[in-house]
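The lines below spell out each chain.
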Amino acid sequence: MAPRFEAWSEVAGLDLVRYGTTADADEIRDTAVAQPLLVSAGLATATALLGSVSDSRVPLPVDPSCVDAVAGHSVGEFTAAALAGVLTPEDALSLVGERGRGMADAAARTETGMTAVLGGRREDVLAAIGTAGLTPANDNGSGQIVAAGTTEQLAAFAENPPERARLRPLPVAGAFHTEHMVPAVERVRTAAASLRTNDPSVRLLSNFDGAVVEQGSQYLERLVAQISSPVRWQACTETLADLGVTAMIELAPAGTLTGLAKRALRGVQLHAVKTPDDLERAVSIIKEHAGSAPTAGTVQEG
């Protein structure tokens, strides 16, 4: 795995090994660092996990006999693109490096942020977000919507929160997936223009509307546009339910999406791969559910 991280560090333009092992919290909080680090963590987990299932040292793209659907949340869509074979891992990391730098630069132009809204009636929450001039940047389902906008708008929103809702400011650098990220879109689109895509090898879901995307070129276009448009994770969860997934494995760093799925995907076996100790159980789950139609979904939160 060490040689692979060295190669990934080169294409991402970052020392992923240092950032993933010895860097402090402030360093990895930098958007330009966090995004490639998240994708590399997901790819490393998938390599170990699916390699154990298929006895292949290079399991990408995913073998549909093992995993039938993949999805990523926000930057996790780059991991999903590599798992589905739309992009090579190297191209995914190179492009997400541009995304991280572009979004960091865009965030520096205006003081913006994001606040998670927990609970409350969905209609009331969306109405309050709109009244405050904010964007529902992440529609995560299970009673969680993330509002994003300027710090002034968020402050006014905090003074008049939706009824029966709790607000939790998020430690992020800016209002991601909103109009404030438009400057980053063209930067990433330029970088994406030279990349070759393949059509997905498995069902690949999009944050844009939760739909299964069948063309690699279309998925790449959505990856770029998603930078300044909301993440509709609830729609992805609904699609997974409609597909009849029987198990869901969340790749590292994990926990958030399986937490949401406890309410949204009742009856589906859930497992978060947080440490290497969680891999053995994940392999067992995939093998147990292989042969179902569909078998399992693999997701990563970003």
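What you see is a predicted model; the values in this text were computed from it and never measured. (Residues numbered from 1 in each chain as written. Predicted model: local features only at pLDDT ≥ 70, side-chain atom pairs only at ≥ 80, totals over all residues. Heavy atoms only, no water.)

J.: Can you explain the overall build of the protein? Please cite residues and give values.
T.: Check the secondary structure of the protein and you find 13 helices and 9 strands. Dimensions of the protein, computed from C-alpha atoms along their principal axes, come out at roughly 55 × 40 × 35 Å. Relative to its full complement of 302 residues, the protein shows a buried share of 53%. Intrachain contacts of the protein at a sequence separation of at least 6 include 70% that bridge at least 24 residues. Positive and negative charge centroids in the protein, built from 24 and 36 side chains respectively, lie 4 Å apart. (Helix = DSSP H or I, 4+ residues; strand = E, 2+ residues; numbered from the N terminus. Buried < 20%, exposed > 50% of the residue type's maximum accessible area, 1.4 Å probe, protein only. Contact = heavy atoms within 4.5 Å. Lys, Arg positive; Asp, Glu negative; His and termini not counted. Charge placed at Lys NZ, Arg CZ, Asp CG, Glu CD.)

J.: Hey, could you go over the pairing of strand β4 (residues 144-150) for me, with residue numbers and the actual values?
T.: The buried count for β4 comes to 7 of 7 residues, which makes it a mostly enclosed element. Bridge analysis of strand β2 (residues 112-119) against β4 gives 7 bridges, and the strand direction is antiparallel. Note that in β4 the partner of T115 across the bridge is A147. Of the pairings in the sheet, the one linking strand β3 (residues 135-141) to β4 comprises 5 bridges and is antiparallel in character. The residue of β4 that forms the bridge with T135 is A148. Hairpin geometry of β3 and β4 is characterised by an intervening segment of 2 residues between the two adjacent antiparallel strands and by a positive phi of about 50 degrees at S142. (Pairing = 2+ DSSP bridges.)

J.: Would you mind going over the sheet that holds strand β5 (residues 165-169) in detail, with residue names and values included?
T.: Here 4 strands make up an open sheet; going across it, the order is β3-β4-β2-β5 and the pairing antiparallel. The open sheet terminates on both sides in strands that have one partner only, identified here as β3 and β5. The sheet shows a mean angle of 25 degrees between the axes of neighbouring strands, direction not considered. Alignment of β2 against β5, held across 5 bridges, turns out to be antiparallel. (Axes fitted to C-alpha atoms, helices over the stretch in contact; angles between N-to-C directions.)

J.: Can you explain the side chain of R99? Please cite residues and give values.
T.: Among the secondary structure elements, R99 is positioned in helix α6 (residues 89-107). Buried charge without a salt bridge: R99, with E77 as the nearest opposite-charge side chain at an N-O distance of 6.5 Å. Here Q35 takes part through its side chain, which lies 2.7 Å from a polar atom of the side chain of R99. Apart from the residues lying within four places of it in its own chain, the contact partners of R99 are Q35, S74, V75, F78, H177, V188 and I227. (Salt bridge = Lys/Arg side-chain N within 4 Å of Asp/Glu carboxyl O. Polar contact = N/O pair within 3.5 Å; in protein donor to acceptor, adjacent residues only side chain to side chain.)

J.: Which residues make up unusual backbone geometry, and what values do they have?
T.: With an omega of -10 degrees, the peptide bond between A252 and P253 qualifies as cis. Its place among the elements puts P253 in the loop between β7 (247-250) and α12 (256-264). The backbone of R164 shows a phi angle near 60 degrees, a positive value even though the residue is not glycine. Note that R164 resides in the loop between α8 (151-159) and β5. Taking relative accessible area as the criterion, R164 reaches 59% and is therefore assigned exposed. Phi at H177 takes a positive value of approximately 60 degrees, unusual for a residue other than glycine. As for its position among the elements, H177 is in the loop between β5 and α9 (182-192).

J.: Break down the pattern of salt bridges for me, with residues and values.
T.: Tallied over the full model, the rule gives 12 salt bridges. One salt bridge connects R101 with E98, and the closest N-O pair in it is separated by 2.9 Å. With R101 and E98 both in helix α6 and 3 residues apart, this pair spans about one turn of that helix. A residue is classified by how much of its surface remains accessible, and R101, at 27% relative accessible area, is partly exposed. With a shortest N-O distance of 2.9 Å, R187 and D105 are connected by a salt bridge. Here R187, found in helix α9, pairs with D105, found in helix α6; they are 82 residues apart in sequence, far enough to count as distant. The class for D105 is partly exposed, based on a relative accessible area of 44%. Residues joined by salt bridges that share partners form a network here, namely E98, R101, D105 and R187.

J.: For helix α13 (residues 279-289), give the residues involved together with the corresponding values.
T.: Within α13, the full set of buried residues consists of L279, A282, V283, I285, I286 and H289. Looking straight down α13, one finds its buried side chains confined to an arc of 160 degrees; they lie on one side. Across α13 from its buried face, at more than 90 degrees, point the exposed residues E280 and E288. (Arc of directions from axis to C-beta.)

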